[in-house]
Amino acid sequence: MFKKILIANRGEIAIRIMRTCREMGIRTVAIYSEADRYARHVREADEAYAIGPAPAAQSYLRIETILDVAHKCGAEAIHPGYGFLSENAAFVDACEQAGIVFIGPPAEAMRLMGSKIAAKHLTQTVGAPTVPGYTGESQDDEVLLKEAERIGFPLLVKASAGGGGKGMREVHQPAHFLEQLAGARREAKASFGDDTVFLEKLIIRPRHVEIQVLGDRYGNMIHLCERECSIQRRHQKIVEESPSPILTPALRAEMGAAAVRIAQAAGYVNAGTMEFILDSDRQFYFLEMNTRLQVEHPVTELVTGFDLVRQQLLIAAGEKLAIAQEQVSQRGHAIEVRIYAEDPEHGFLPSTGTVNTFVAPEGPGVRVDSGIESNDEISQYYDPMIAKLIVYGEDRQAAVARLQRSLEQCVIFGVTTNIALLHAIATNAAFHEGLTHTGFLDEQHLLTARAQQAAPPDAVLIAAACYDLSSQQIPSVAHNPWQSLGPWRMTGEGYKCSYTYQEQTYRVTLRPQNSLQDTWAYMIDAGAVGDVAYKRGNQPFFLLTFGPLQVQLSVQQMQGHLHVNFNGETYILGRRQPPDIDSAAHGGSTANAQKALTAPMTGTIVKVQTHDGERVEAQQVLVILSAMKMEHAITAPYDGRVRHVHYQEGAVVKGGAVIVEME
Ligand code: ADP
């Protein structure tokens, strides 16, 4: 076995690989960009080397530099994790030339399966089904349009080199085909440097079910059953589970055998995944192969009991696969959710910054694979995943209940997260029934319903008021409360605090109930009343007691706002200032904001579809911005006229920059 390996990755996957290495007595070498100098994966490695500036192209993707480090430190092998160089066949070649073992498949197998078109062709030769479509050589617009008409609409334009949902466009009618084709090509070129596309019939309400395979150098190949990853946003997985609620033992065996056949035909070695989609008749079709360890591999580890990274290391070190197909079975049920620093209510835009507080859930059947700890950064340069929460239960129902409980226990302050959305999924009736498909979030209105949330729970408002009260020097302020700019005011009836949440104002009054001031009578607006006591725990915990009843929340103050976390949901409460300050702060700015359309994040303008003076309609796409390798449309918020477009195609704009002025 290797004595020392280099991990050519960062974040949670680098740490996850290090854990297994440590158990196997293998020393680990981390590499890091300037942005990651103090990142957790660097702190946890045995050795760490700087490899360049923050942008991945100048650090985590620099083959020569990484191989130099491997040589210098005496690493015998490199684990690529997922993303970055993990599916780069030139890197595999370079490792071989440098005499360093690449922990993954041979370059030829990777190259073959890295082309979705070639992979589909190979799949057809072993008699496994693929989605009907066009995978021909011609990339001519006319030919593609003709083929599209033959296949029929709706269909998908896909990038042959694609991954991560990039370079993929749905087309619902012929009139939109050429425009979507151009968009898919642009995105594919920017992301993969290859704009070859193919066409596929769009399967309606499909489930995404994938099979994990494992093969050694001696031709032994097994599968480790399936993972269902149907709950997706923008064609990217956010919830994964095993077993799939829909697979029968017969179908599992059939799909498993097909996956093994495809992998063998490709000459595949090490861990890989065959992705399939299932239509509503449970007919399965091969989509593509991922020639690496997947983000969602832990669910397979929990139900099969095998450590996939350990298997990868054993295979790469030249050992024979020690697991026979008959030894593989699924026990219990595992579910993974991906906790992202992103805002589901605003098109899933990444939310970068410092995670001031990260309290991970604990308890039986709970595994958290995370790349960060409290006070770590989510940087704009890399994937904004904070952690993977993986739960295990003896059956699906137990696992779902555990998922719900764990999400409620998870506290993250400092960046916007998708935890509330994940919690809404975990408590959704259709999810409980296992009725998932790739359009699940839309169908269940889990994105829109969340935006129109009701008032915050009483406990949240009471906790906010008690927190503010406990942060004040009560005796001195009580002398002259009007000198304080704090959120509360002392009146004859007690302390009054006002909070704003989603443009509504809530007034909370607290009145001391005894001389020790440890019990307070509260009143919310003119409604809820009762007695409460509070205790500040270890940051960020805050305990409210209503007689014997206890409610634990987390509270943190940030940039003048109070962030209160309760049952997995974070409520950001504004504090109302005295009337004069309030109006000064808001005067005029709202009107301006509506006139100026700004860049949601730093990126490049790839298309300007309007010009100064043009009359435009609400929702019309004016400008397309490419950021984090995805395209974001900037649309007219109302019917109106474009006063001025501030940038031309090709310009790089900062997040928040005014791109179009409307009137
Ligand atoms: P990528 O490699 O970019 O992730 P995939 O081919 O793996 O692209 O597809 C990603 C997701 O897109 C799938 O999980 C599925 O939800 C959806 N998808 C892909 N192909 C089809 C299809 N032909 N019909 C319906 N949905 C599809």
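Predicted model, so just to flag it, every value in this text is computed and none were measured. (Residues numbered from 1 in each chain as written. Predicted model: local features only at pLDDT ≥ 70, side-chain atom pairs only at ≥ 80, totals over all residues. Heavy atoms only, no water.)

A. Layout of the overall build of the chain. Secondary structure assignment for the chain yields 20 helices and 40 strands. Its C-alpha atoms give the chain a radius of gyration of 27 Å, near enough to 26 Å, the size a compact globule of 663 residues would have. Taken over the C-alpha atoms alone, the chain extends approximately 85 × 65 × 55 Å along its principal axes. When each of the 663 residues of the chain is scored for burial, the buried share is 54%. For the chain, long-range pairs separated by at least 24 residues make up 61% of all intrachain contacts whose partners lie at least 6 apart in sequence. Of the roughly 28300 Å² of accessible surface on the chain, a fraction of 49% belongs to carbon and sulfur atoms. Separation of charge centres in the chain, based on 60 positive and 76 negative side chains, amounts to 3 Å. (Helix = DSSP H or I, 4+ residues; strand = E, 2+ residues; numbered from the N terminus. Rg over C-alpha atoms; globule rule 2.2 N^0.38 Å. Buried < 20%, exposed > 50% of the residue type's maximum accessible area, 1.4 Å probe, protein only. Contact = heavy atoms within 4.5 Å. Areas by Shrake-Rupley, 256 points an atom, 1.4 Å probe, with all protein chains shown as cover. Lys, Arg positive; Asp, Glu negative; His and termini not counted. Charge placed at Lys NZ, Arg CZ, Asp CG, Glu CD.)

B. Inspection of the sheet that holds strand β7 (residues 155–159) at higher detail. One open sheet holds the four strands; their spatial order is β6-β9-β7-β8, and the pairing between them is antiparallel. Looking at the sheet topology across the chains shown, the edges are occupied by β6 (133–134) and β8 (169–171). For β7 and β8, the ladder comprises three bridges, and the chain directions are antiparallel. The partner of L156 across the bridge, within β8, is E170. Strand contacts of helix α6 (residues 116–125): β7 and β9 (197–201), with the helix running at about 50° to β9, the strand carrying the most contacts. (Pairing = 2+ DSSP bridges. Axes fitted to C-alpha atoms, helices over the stretch in contact; angles between N-to-C directions.)

C. Representation of helix α5 (residues 107–114) within the structure. Regarding α5, the residues found buried are A107, A109, M110 and M113. All buried residues of α5 project into a common sector of 165° when viewed along the axis, lining one side. Among the structural elements, α4 (89–98), β5 (101–102), α6, α9 (249–265) and β14 (284–290) are those in contact with the buried residues of α5. (Arc of directions from axis to C-beta.)

D. Quick peek at the nonpolar core. Membership of the largest hydrophobic core comes to 68 residues, with the highest contact counts inside it found for I5 and I425. In terms of residue count, helix α13 (residues 419–426) provides more of this core than any other element does, six residues in total. Counting contributing residues per domain, this core is built from domain 1 (4–103) and domain 3 (207–452), each supplying no fewer than three. Grouped together as the second largest cluster of nonpolar side chains are 31 residues, Y501, L544, L553 and V555 included. (Core = buried A, V, L, I, M, F, W, Y, C linked by side-chain atoms within 4.5 Å. Domains from an automatic or database assignment.)

E. Representation of the side chain of K158. Here K158 is to be found in strand β7. Since its relative accessible area comes to 7%, K158 is described here as buried. For K158, the side chain forms a polar contact with the side chain of E200, separated by 2.9 Å. Filtering out sequence-adjacent residues up to four positions away, K158 remains in contact with G167, M168, T196, V197, F198, E200 and L287. (Polar contact = N/O pair within 3.5 Å; in protein donor to acceptor, adjacent residues only side chain to side chain.)

F. Region of interest: the pattern of salt bridges. Taken as a whole and judged by the stated rule, the model has 35 salt bridges. Note that E228 is salt-bridged to R207, the shortest N-O span being 3.0 Å. With E228 in strand β11 (residues 221–233) and R207 in strand β10 (residues 207–215), this residue pair connects regions lying 21 residues apart in the sequence. Here the two residues E228 and R207 agree in accessibility, since each one is buried. A salt bridge links R507 to D525, with the shortest nitrogen-to-oxygen separation between them at 3.8 Å. Note that R507 is positioned in strand β26 (residues 504–512) and D525 in the loop between β27 (520–524) and β28 (529–536), a separation of 18 residues in sequence. (Salt bridge = Lys/Arg side-chain N within 4 Å of Asp/Glu carboxyl O.)

G. Looking closely at the site of the ligand. By nearness alone, 23 residues border the ligand, and K116, G165, H208, Q232 and E288 come closest of all. The backbone of G164 places a nitrogen or oxygen atom 3.3 Å from an oxygen atom of the ligand. In this structure, E275 approaches the ligand through a side-chain N or O atom, which is 2.9 Å from an oxygen atom. Coverage of the ligand by the protein chains reaches 95% of its 550 Å² of free accessible surface. For the shell around the ligand, the secondary structure elements donating two or more residues are β7, β9, β13 (270–278) and β14. In terms of residue class, the shell around the ligand is built from eight nonpolar, eight polar and seven charged. Three or more residues apiece are contributed to the shell around the ligand by two domains, here domain 2 (132–201) and domain 3 (207–452). (Near = heavy atom within 4 Å. Nonpolar A, V, L, I, M, F, W, Y, C, P; charged D, E, K, R; others polar.)

H. Representation of the packing of aromatic side chains within the structure. Summed over the entire model, instances satisfying the criterion amount to 13 aromatic pairs. Three or more aromatic residues joined by ring pairs make a cluster, and in this case those are Y60, F84, Y381 and Y382. One Lys or Arg, R233, reaches over the ring of Y340 and ends 4.7 Å from the middle of that ring. Of note, R536 hangs over the ring of Y467, and the distance from its end group to the ring centre comes to 4.4 Å. (Phe/Tyr/Trp six-rings, centres within 6.5 Å; stacked < 30°, edge-to-face > 60°. Lys NZ or Arg CZ within 6 Å of the ring centre and 35° of its normal.)

I. Seen up close, unusual backbone geometry. Here the residue pair F153 and P154 is connected by a cis peptide bond, since its omega of 0° sits within 30 degrees of zero. Relative to the assigned elements, P154 resides in the loop between α7 (141–151) and β7. Even without a glycine there, the phi angle at F84 is positive, about 40°. Secondary-structure assignment places F84 in the loop between β4 (77–79) and α4. Phi is positive for F348, which is not a glycine, with a value near 60°. With respect to the secondary-structure elements, F348 resides in the loop between β16 (342–343) and β17 (349–350).

J. Spatial organisation of the pairing of β9. Most of β9 sits out of view: four of its five residues are buried. Sheet analysis places β6 next to β9, joined by two bridges and oriented antiparallel. Bridge pairing links Y134 to L199 in β9. Sheet analysis places β7 next to β9, joined by five bridges and oriented antiparallel. By the bridge assignment for β9, A159 is matched with V197.

K. View of the packing of helix α12 (residues 396–409) against α13. It is the contact of α12 with α13, at a shortest axis distance of 9 Å, that shows an interaxial angle of 155°. With respect to α13, the axis of α12 lies roughly antiparallel. For the crossing formed where α12 meets α13, the hand is left-handed. Across the interface between the two elements, V400, L403, Q404, L407 and E408 of α12 pack against I419, L422, H423 and A426 of α13. (Parallel < 35°, antiparallel > 145°, perpendicular 65-115°, else oblique. Left-handed = near helix turned anticlockwise from the far one by under 90°.)

L. A look at the pairing of strand β31 (residues 561–566). Among the six residues of β31, five are classified as buried, and the element is accordingly described as predominantly covered. Relative to β31, strand β30 (residues 549–558) is paired through five bridges, and the arrangement is antiparallel. Within β31, the position partnered with Q557 by the bridge is L562. What sits between β30 and β31 in their antiparallel hairpin is a turn of two residues, with Q559 showing a positive phi close to 45°. Two elements, β31 and strand β32 (residues 569–575), share five bridges in a ladder whose sense is antiparallel. Bridge pairing in β32 links V564 to Y571. Hairpin connection between β31 and β32: a loop of two residues separates the two successive antiparallel strands, and N567 in this loop has a positive phi of roughly 50°.

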